[in-house]
Amino acid sequence: MKLGALRLVPAPLAAPMPAQRARVGSGELLSACRVAREAGAELVALWVTDDSDRGEGFCVRVLLRADDGLLLLEHRLPDASSRYPDLASVFPSAARMQRAAFDLTGIAAQADDDRPWLWMAAWPIDRFPLRRDFAASPSWQPGDEDYRFVRVEGEGVHEIAVGPVHAGTIEPGHFRFQVVGEKVLRLEERLGFTHKGIEKRFTTLPIAEAPRLAGRICGDSTVAYAFAFAQALEGLAGVAPPPRALWLRALALERERIANHLGDLGALGNDAGLAFGLAQFSRLREDVLRGNRAAFGHRLAMDFVVPGGVARDPADAQLSAMRDEGTRIADDARALRTIYDEHAGVQDRFRTCGRVAPDLARMLGMTGLAARASGGTRDLRADFPGVPYAALDVRAMHREQGDVAARVAVRFDELFESLRLVGAIVDALPPGAIAATMPPRLPAGLALGSVEGWRGPVTFAVETGTDGAIRRCHPHDPSWQNWPAVEHAALGNIVPDFPLINKSFNLAYSGHDL
Amino acid sequence: MLHILRRIAATGIVSEPLPEPADEATLAARLQRDILATLGRALTIRHVDAGSCNGCELEIVALGNPYYNLEGAGIRFVASPRHADLLLVTGPVSKHMTAALQRTYDATPEPKLVVAVGDCGCTGGIFGESYATTGGVASVIPVDVAVPGCPPTPIDILRGILAAVNARQA
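Residues numbered from 1 in each chain as written. Chains lettered and ligands numbered in written order. Predicted model: local features only at pLDDT ≥ 70, side-chain atom pairs only at ≥ 80, totals over all residues. Heavy atoms only, no water.

## A closer look at the overall build of chain B
Rules: Helix numbering and strand numbering both begin at the N terminus, where a helix is a DSSP run of H or I of at least 4 residues and a strand a DSSP run of E of at least 2. A 1.4 Å probe rolled over the protein chains alone gives each residue an accessible area, and that area as a share of the maximum for its type sets the label: buried under 20%, exposed over 50%, partly exposed in between. Pairs of residues are marked as contacts when any of their non-hydrogen atoms sit within 4.5 Å. The Shrake-Rupley method, run with a 1.4 Å probe sphere, supplies the accessible areas, and residue values consider only the shown protein chains as cover.
A tally of regular secondary structure across chain B gives six helices and five strands. Mapped in sequence order, the helices and strands of chain B form the string α-α-β-α-β-β-α-β-α-β-α. A buried classification covers 57% of the 170 residues belonging to chain B. By sequence separation, contacts in chain B at least 24 residues apart represent 80% of the contacts at least 6 residues apart. Only carbon and sulfur atoms are counted for the fraction: they give 56% of the accessible area of chain B, which is about 6,800 Å².

Spelled out as structure tokens, the structure:
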């Protein structure tokens, strides 16, 4: 990243793509972000680490991604009362990350919005789970919290509160609509219901259990999470997985994308009133999951990706069955796409519904699938192709309209591309070992992992201490960047279209709430 | 429309028989008989995600696909706990979901069956008991049947539902 005017002194950082880290002083953090943004960089993640046990205070880490790689800005704070600049004016998606960082570490940005984001009174407001001296007490009882939603006033305006328990089989979250008639004037999200203390858990579990935990942060993206976590651990250890393992990981990742896109395409048809679509696509999804069970030992391929490689080697017959099944699914999905495209009722619901225009998407810093439906073109598989993607010529799909129809179209396009990739991977899968040996003890350090999951980039930052244990682990889901966009997408639409709009994004709750 | 009908005809019926029962009666018949004896009508389920990773949800949703054809057995997911006979609860019960889970349970009419789904619902799973999690559904509301697995397969979940209906009947 060209930050010449800033006189930063970058050092290399272990990651699956070019990456550097640089210390920034108090006046430099905001200006570094501004310069980076002007150079086209996006905010990947923001988190805070308590280093007071080392006498180093706290560290605010801001991870940026530009066309030429990742840049980690590290800003030291001497004590817990120090604050750091509000980055939301440069990167709007930083706002919630800063609030979450405060809930967990007590380190605040100089921001106007001092409401909690993940905290809901399960622990005392003046205790911070990611502080070194944090000790949970069994006497703490979940309390009540008085969250300040923004209200719209005026004649005929009323409020609809939805969740956390929703009408369908989905994850819990709260949506507060301000409506007039059935038109949405404002939508405000409240997340954090599934907060499970995952970042803390990483520092207390034996390291052998950590990959299982990584694979259970977000069940629909278990391969992407296990994959990115393994990359970070391999970066720390200096271990390179054998080629066959890398190809098999990509196979599992594409199968995960296929299964999720199939599931969403069916659910989106159903939400638009076409139950036929749900029956057809859920049948195809089940076929994929059964294939996963045979080849990877698990319907969702949980625990298939492990640090060093993969956990099992699928038989040739299972691999060729995947390729043949892919051809059949592609044929069926093409026929179903024609039906969706020609169905007036479905198209009436899909088109112009829940629109996020490309300018707004760029301003918000959207990422992944939803960004690509609003004019974005970034896809880690195409932008930073390692093994095997460099050999597969991945096409990043994109649309401009930014409506439900565009998010459906990107899913269809990516479904066909991933089915092609599965065939290509099976055809060219190199022979050999499926895992490299990881050292019994990891050296101290910091490393990153980042993988284009089906929703977008899934990123891990893992820091180990001198004892080889995990000192800090920050997983980051692309939903952080895209949840704010859902609030915009709903504006001006009618309340009954919200389930369709929400499903068209299908963002993570557990992956976000941690 | 013609396209849709053609595709339906070409797909045919893919629904598989429900899992093999221990006795000679087919499980589908037994399931319907048990549901009728216990409830006098179809079984309605309200799902509550109490902090799951979403893995269990995927397999619960899969129960509705044509292979398992849950509705064909008289089992239906409903939008409100007030319409439900049975709660299907997933997750290690995050502390942030305890109040919502308790209120959902309170809103559910008798027979108020509860099936805890997944390793997390059974014991807290990999998340255990912590400042943010309670360590399982039974630590918040009474549980009739616990279905282990990470996540359990659709068939395992279906067996758990049947076991809960049977247990209450006995």
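## Structural notes on the pattern of salt bridges
All names here are of chain A. To keep things clear, this is the line we draw: A side-chain nitrogen of Lys or Arg and a carboxyl oxygen of Asp or Glu constitute a salt bridge if their distance falls within 4 Å.
In this structure the tally under the stated criterion is 53 salt bridges over all chains. Across the pair glutamate 159 and arginine 151 runs a salt bridge, and its minimum N-O distance is 3.5 Å. In this structure glutamate 159 comes out as partly exposed when scored by relative accessible area, which is 28%. It is possible to trace a salt-bridge network through shared partners that takes in Glu254, Arg257, Arg372, Asp379, Arg381, Glu414 and Glu452.

## Examining a nonpolar patch on the surface
All names here are of chain B. Just so we agree on the cut-off: Surface patches are drawn from residues lacking salt bridges whose relative accessible area is over 30%; two like charges belong together within 9 Å, two nonpolar side chains (Val, Leu, Ile, Met, Phe, Trp, Tyr) within 5 Å.
On the surface, Met1, Leu2, Leu5 and Ile8 cluster together to form a nonpolar patch covering roughly 440 Å² of accessible area. The topology assignment puts leucine 2 in helix α1 (residues 2–11). On the basis of relative accessible area, leucine 2 is assigned to the exposed category, the value being 55%.

## Remarks on the environment of B:Ala163
Within the secondary structure, B:Ala163 is located in helix α6 (residues 154–169). Taking the relative accessible area as the measure of exposure, B:Ala163 reaches 31% and is therefore partly exposed.

## A closer look at the domain arrangement of chain A
Residue and element names in this part refer to chain A. Filter applied, for reference: Boundaries of every domain are those given by an automatic assignment or by a domain database. Once two parts are joined, some of their accessible surface, as seen by a 1.4 Å probe, is lost; buried area is that loss totalled over both.
What the domain assignment lists for chain A is domain 1 (4–105) and domain 2 (198–477). Its C-alpha centre places domain 1 at a distance of 27 Å from the equivalent point of domain 2. Facing 34 residues of domain 1, the contacting portion of domain 2 comprises 26 residues. Here domain 1 and domain 2 share an interface that buries about 2,300 Å² over both sides, 56% of which is from carbon and sulfur atoms.

## Some points on the sheet that holds strand β1 (residues 43–49) of chain B
Residue and element names in this part refer to chain B. Selection rule: Criterion used throughout: strands pair if DSSP finds at least two bridges between them. As a rule, the C-alpha atoms of each element are fitted with a line to give its axis, helices using only the stretch in contact, and angles between N-to-C directions run from 0 to 180 degrees.
The sheet built from five strands is open, its strands ordered β2-β1-β3-β4-β5 with parallel pairing. On the outer flanks of this sheet lie β2 (75–77) and β5 (145–147), each paired with one strand and no other. Each strand axis lies, on average, 25° off the axis of its neighbour in the sheet, ignoring direction. The pairing of strand β4 (residues 113–117) with β5 spans three bridges and is classified as parallel. Directly across from valine 117, in β5, lies its bridge partner valine 147. The sheet contacts of helix α3 (residues 55–62) involve β1, β2, β3 (86–90) and β4, and relative to β3 the element is tilted by about 140°.

## Structural notes on the side chain of A:Glu74
Residues and elements named next belong to chain A. Which entries qualify depends on this criterion: Counting of polar contacts relies on pairs of N or O atoms within 3.5 Å, with two restrictions inside protein: one atom must be capable of donating a hydrogen and the other of accepting it, and residues adjacent in sequence are counted only when both atoms are side-chain atoms.
Relative to the assigned elements, glutamate 74 resides in strand β5 (residues 69–77). Residue glutamate 74 is classed as buried on the basis of its relative accessible area, which comes to 4%. Here arginine 21 takes part through its side chain, which lies 2.9 Å from a polar atom of the side chain of glutamate 74. Reaching out from glutamate 74, the side chain makes a polar contact with the side chain of arginine 61 at a distance of 2.7 Å. When near neighbours in sequence (up to four residues on either side) are disregarded, glutamate 74 contacts Arg21, Ala22, Arg23, Val24, Cys59, Val60, Arg61 and Leu446.

## As for the nonpolar core
Using the following cut-off: Residues grouped as a nonpolar core are buried Ala, Val, Leu, Ile, Met, Phe, Trp, Tyr and Cys residues, joined through side-chain atoms within 4.5 Å.
In this structure, A:Val62, A:Leu73, A:Phe202, A:Phe229, A:Phe350, A:Phe460 and A:Phe505 are the most contacted members of the largest nonpolar core, which totals 159 residues. Viewed by domain, this core spans two of them, domain 1 (4–105) and domain 2 (198–477) of chain A, each represented by three or more residues. In contact with A:Phe505, other than residues within four places in its own chain, are A:Val356, A:Met366, A:Ala370, A:Arg407, A:Arg411, A:Ala485, A:Val486 and A:Ala489. Counting 23 residues, the second-largest nonpolar core is a separate cluster that includes B:Cys56, B:Ala73, B:Leu113 and B:Leu158.

## Details of the pairing of strand β2 (residues 19–23) of chain A
All names here are of chain A. Sheet analysis places strand β1 (residues 11–12) next to β2, joined by two bridges and oriented antiparallel. The partner of alanine 11 across the bridge, within β2, is arginine 21. Judged from the five bridges that link them, β2 and β5 form a sheet pairing that is parallel. Each bridged residue has a counterpart across the sheet, and for alanine 22 the counterpart in β5 is leucine 73.

## Topic: helix α4 (residues 98–107) of chain B
Looking only at α4(B), the buried set comprises B:Thr98, B:Ala100, B:Leu101, B:Thr104, B:Tyr105 and B:Ala107. Those residues of α4(B) hidden inside the fold are in contact with β1, β3 and β4 of chain B.

## Some remarks on the interface of chain A and chain B
Interfaces are often sized by the accessible area lost when the parts come together. Note the following rule: Classes in brief: Ala, Val, Leu, Ile, Met, Phe, Trp, Tyr, Cys and Pro nonpolar; Asp, Glu, Lys and Arg charged; the others, Gly included, polar.
Residue-level contacts link 61 residues of chain A with 49 residues of chain B. For the pair chain A and chain B, the summed buried area comes to about 4,200 Å², and 63% of that belongs to carbon and sulfur atoms. Sorting the residues of chain A by area buried against chain B places A:Val165, A:Thr169 and A:Lys196 first, and these three jointly supply 15% of that buried surface. Our enumeration of links across chain A and chain B arrives at three salt bridges. Between A:Arg299 and B:Glu59 there is a salt bridge, and its shortest N-O distance comes to 2.4 Å. Where chain A packs against chain B, one counts 24 residue pairs in polar contact (both at pLDDT 80 or more). Breaking the side of chain A that touches chain B down by element, the ones donating at least two residues are α3 (198–204), α4 (210–214), α7 (275–296) and α8 (316–342) of chain A. Residue contributions to the side of chain A that touches chain B peak at eleven residues, all from α7(A). In the side of chain A that touches chain B, the residues fall into 31 nonpolar, 13 polar and 17 charged.

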